[in-house]
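So the chains spell out like this:
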Amino acid sequence: MITYHKKTLSNGLTVIANHDTTSRMAAVNILYKVGARNENPNRTGLAHLFEHLMFRGTHQIPDFDTPIQMACGENNAFTNNDYTDFYITLPLANIETALWLESDRMRGLNLSEEACKIEKRVVIEEFRQRYLNQPYGDANMLLRALAYKVHPYRWATIGISPEHIEQASIEEIRNFYDRFYQPSNAILSFSGDMEAEEFFTLAEKWFGSIPNTSHPAAEIPAEPAQCEARRQVVERDVPATTISIAFKMGNRLSADFFLGDITSDILAGGDSARLYEHLIKNKRLFASVNAYITGDVDCGLFVFTGQLLPTTTEEQAEQAFWDEIEELQHNFVSEYELEKVKNKFEANTLFGELNVMNKAMNLGYYEMIGDLPLINREVETYRSLSAADIASFAERIFRKENSSTLIYRAK
Amino acid sequence: MKQPPLTIPSTIDVRAAEKHCASNGTNIYVINCPEYEVVRLSFVFHAGTITQQHPFTASATANMLAEGSAALSSQQIAERLDYFGSYFDINIDRDYAYITFCSLSKFFEPTADVIEEVILHPTFPAEEVATYSAKRRQQLSIERRKVETIAREKFAHAIFGASHPYGISYSEDMYDSLSREHIVKHYQRCYTAQRCIVVCSGNINNKVLERITSIAEQLPTAEADTDLGIPSFDTTHTIRHQHDGAVQSSVRMGRLLFPRTHEDFIPMQVLSTLLGGYFGSRLMQNLRERNGYTYGAFCAMVNFQHTGYLALATQVGKEVTDDALQEIAYEIERLRTEPIPQEELDLVKNIMAGELMRILDGPFGIADVTTENILCGFDNSHIQTHLQRIRQTTPEQLQALAKKYLQPQDLVTVVVGDFK
């Protein structure tokens, strides 16, 4: 259970505070509601490039990192398809340093030609290191592009190609900042040993005077329903073939999210889960195997994936996944199995609430998806699901004509 | 608006670990944090890779403890831990094997029953050994397609010698010769009371401690090994390894130094942090921010039981490999020739103090630091000493250390990439 208070400043900035009495550290999280899904298909990778640029200094404070570090703090950021998140942990006594820096870079960034040029090179190296110079580095990109034809989830956060990043102009970058980095498009969240009212006063002090320019909500093209089984085979210089099958499912606030989550736990939540027991240990078909949901804000994917052992054929491996699916569709999971994944979900939720950073980050996230109280309702929602719910989810989602299969074949 | 004033912590108060001794001689360290309704329990055995007598035995033993016991099959073990939402984590380094269990306090009792089976009665079934070996063999062959994996292995060869227990690596084919007997033998030799410490944290009331003790005191006793030390090192200074098709080169540099107990270890930690231990470090400023050669560059002191070393790592665009090497050499040379500006040193000190505070925030982090201290022969008062030693370093002292320890002819350089 995470207690919190929420307030909206007059410029539209949402502020949420959790009072944690055990820690000597404080966490400040700022989430901007912009991700790769807001990008133009001809200029992908911009949201992530922009996350990098947020560290290149402002007109007031040319160096972002040093003052944080002088305050014994640590900070980082990440971008995904839905949002961009910046977080700082530091001793509570230095909390205002974090607010000073975050409020300053919300509108005061110094976007010089030189800074953009260097940061573009860094991001291109990241592209090469993590996606091109890595066995299986492009597998997820290929799967996305197969499963989505219209929705911007069809590209990964890093972008479609390094050229998109290379060619981004300074004007495009400045427009992106003005469009998305506004108080009304941001959520400030906090966890630490301080009363919420006191934090709200500090938030007002540092962020209250930032002017806001609102823009209409971004229009995201909807993905049309899929009506045919899709399939792609690529050959790469990797030691083992992998097979992934992705199914489209509902969005983050739909019942599908929890159904998908619990189903993926039945299949792959821990070493006693079905895929590991059946496909690795008993049938010895795979070296590794997984089932997961992408959990995106808009309609997401349910993915089966596995790396084949050298003795396994592609047909055997693919059939093995479909056998597991059929089992889910035709036989109810046992009460024991259901109770197990529910206990595990509850424990993991509690383990995740042990530190201030996770709490501040989660508060921002649930506000972003549009249902902050859900942060304390998830365990209960998850507990309410039945074996029949899972079977009908499996029936509805795991259909051939809703599937995208990627064979990543070892040469 | 104006920069807010800063408060820099000059002390860190950490709970001392309470030490208990089980009847068989196993030392149990307790860090009681009753405000958290969780229990974390670690068994640390002197059973790392240098203790093995056959390739891959040490990691296989640690990783397979939960793959079947006298009373429970591997599936039952996994099933019971999952059922209560408990989990375990296995870590192994060259010296030690760390087996850590976490559970909610309300499920500690049933979790402890499983822990007892895993730690005291593993059977290492031959079938499970076969599955494990096939899986690991494949994972390793994938890992070895990455330039950074090759560079890490070559760097260990270069620093310690390719056949030294700290430097050696084995072909993945050697998994085929790994048998149940090797593992059982290793378990019997290394998983004993004399080679074990137990560290627990979270809500450790008397009942929990009694249960932990009842497990620890069943560990078999063995005559303590006479510490034979380790063979001497055989350093190679330069390795260039061709890896076809790499778009980036992986670079490792460093040198053999000394373990954490050495008086220069902490100041060398300060120096390595300054060079490459944080986001704005000199290597990051130069290679990433100024030149865009890389996504990241790191430097740190690494501690082993019998020695320690300084290591620097980065992955750079293939076409700028030589430029990057030149810049790295330039940054190291600067440490030797120019005194560090006081402001930069203060920054590094605050970063290191902040890191220490962050690690020590919460019961699990305190347990990790306690474990590290015990293995080096310190108690938790060392944390305060550590902080003071960091704060006392001066530009003169660091420059003198750089002159002494970072002479170009002493450094080891390993580059893996496509040079064609």
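Everything numeric in this text was worked out from a predicted model, so none of it was measured.

Turning to the overall build of chain B, a few remarks are in order. Within chain B one finds 14 helices and 11 strands. Each principal axis of the C-alpha distribution contributes one length, and for chain B these read about 60 × 55 × 45 Å. A buried classification covers 47% of the 420 residues belonging to chain B. For chain B, the proportion of contacts with a sequence separation of at least 24, taken over those separated by at least 6, is 79%.

Here we come to the nonpolar core. Ranked by size, the top nonpolar core spans 188 residues in total, and within it Ala27(A), Val28(A), Ala360(A), Phe45(B) and Val198(B) carry the most contacts. Contact partners of Phe45(B), with chain neighbours within four places excluded, come to Tyr96(B), Ala97(B), Cys190(B), Tyr191(B), Arg195(B) and Cys196(B). Counting residues in hydrophobic clusters, the runner-up holds 47 residues, among them Ile262(A), Tyr276(A), Ile280(A) and Leu308(A).

We now examine the sheet that holds strand β2 (residues 14-19) of chain A. Residues and elements named next belong to chain A. In spatial order, the strands read β1-β2-β6-β3-β5-β4; together these 6 strands make up an open sheet with mixed pairing. What marks the edges here is a single partner per strand, and that holds for β1 (5-8) and β4 (74-79). Neighbour-to-neighbour, the strand axes of this sheet turn through a mean angle of 15°, independent of strand direction. Of the pairings in the sheet, the one linking strand β3 (residues 25-32) to strand β6 (residues 186-192) comprises 6 bridges and is antiparallel in character.

The next point concerns the sheet that holds strand β5 (residues 97-104) of chain B. Residues and elements named next belong to chain B. Pairing is mixed in the open sheet, where 6 strands are placed in the order β1-β2-β6-β3-β5-β4. Two strands in the sheet have a free side with no partner beyond their single neighbour: β1 (18-21) and β4 (87-92). Neighbour-to-neighbour, the strand axes of the sheet open up by a mean angle of 20°, direction not taken into account. Across 4 bridges, β1 lies against strand β2 (residues 27-32) in antiparallel orientation. Across the sheet, Lys 19 pairs through a bridge with Tyr 29, a residue of β2. Contacts from helix α7 (residues 206-216) reach β1, β2, β3 (38-45) and β6 (196-202) within the one sheet, and its direction differs from that of β2 by about 160°.

Our focus in this paragraph is the packing of helix α9 (residues 255-268) of chain A against helix α10 (residues 274-282) of chain A. All names here are of chain A. Between α9 and α10, the shortest axis-to-axis distance is 4 Å and the interhelical angle comes to 35°. Residue-level contacts link Ile 266, Leu 267 and Ala 268 of α9 to Arg 274, Leu 275 and Tyr 276 of α10. Grouping the constituent residues of the contact of α9 with α10 by class yields 5 nonpolar, no polar and 1 charged.

Residue and element names in this part refer to chain A. With 8 of its 8 residues buried, β3 lies for the most part within the structure. Pairing between β3 and strand β5 (residues 84-91): 8 bridges, direction antiparallel. What sits directly across from Ala 26, in β5, is Leu 90.

What counts as what
- Residues numbered from 1 in each chain as written.
- Chains lettered and ligands numbered in written order.
- Predicted model: local features only at pLDDT ≥ 70, side-chain atom pairs only at ≥ 80, totals over all residues.
- Helix = DSSP H or I, 4+ residues; strand = E, 2+ residues; numbered from the N terminus.
- Buried ≥ 20, exposed ≤ 12 C-beta atoms within 10 Å, placed from the backbone.
- Contact = placed C-beta atoms within 7 Å.
- Core = buried A, V, L, I, M, F, W, Y, C linked by C-beta atoms within 7 Å.
- Pairing = 2+ DSSP bridges.
- Axes fitted to C-alpha atoms, helices over the stretch in contact; angles between N-to-C directions.
- Nonpolar A, V, L, I, M, F, W, Y, C, P; charged D, E, K, R; others polar.

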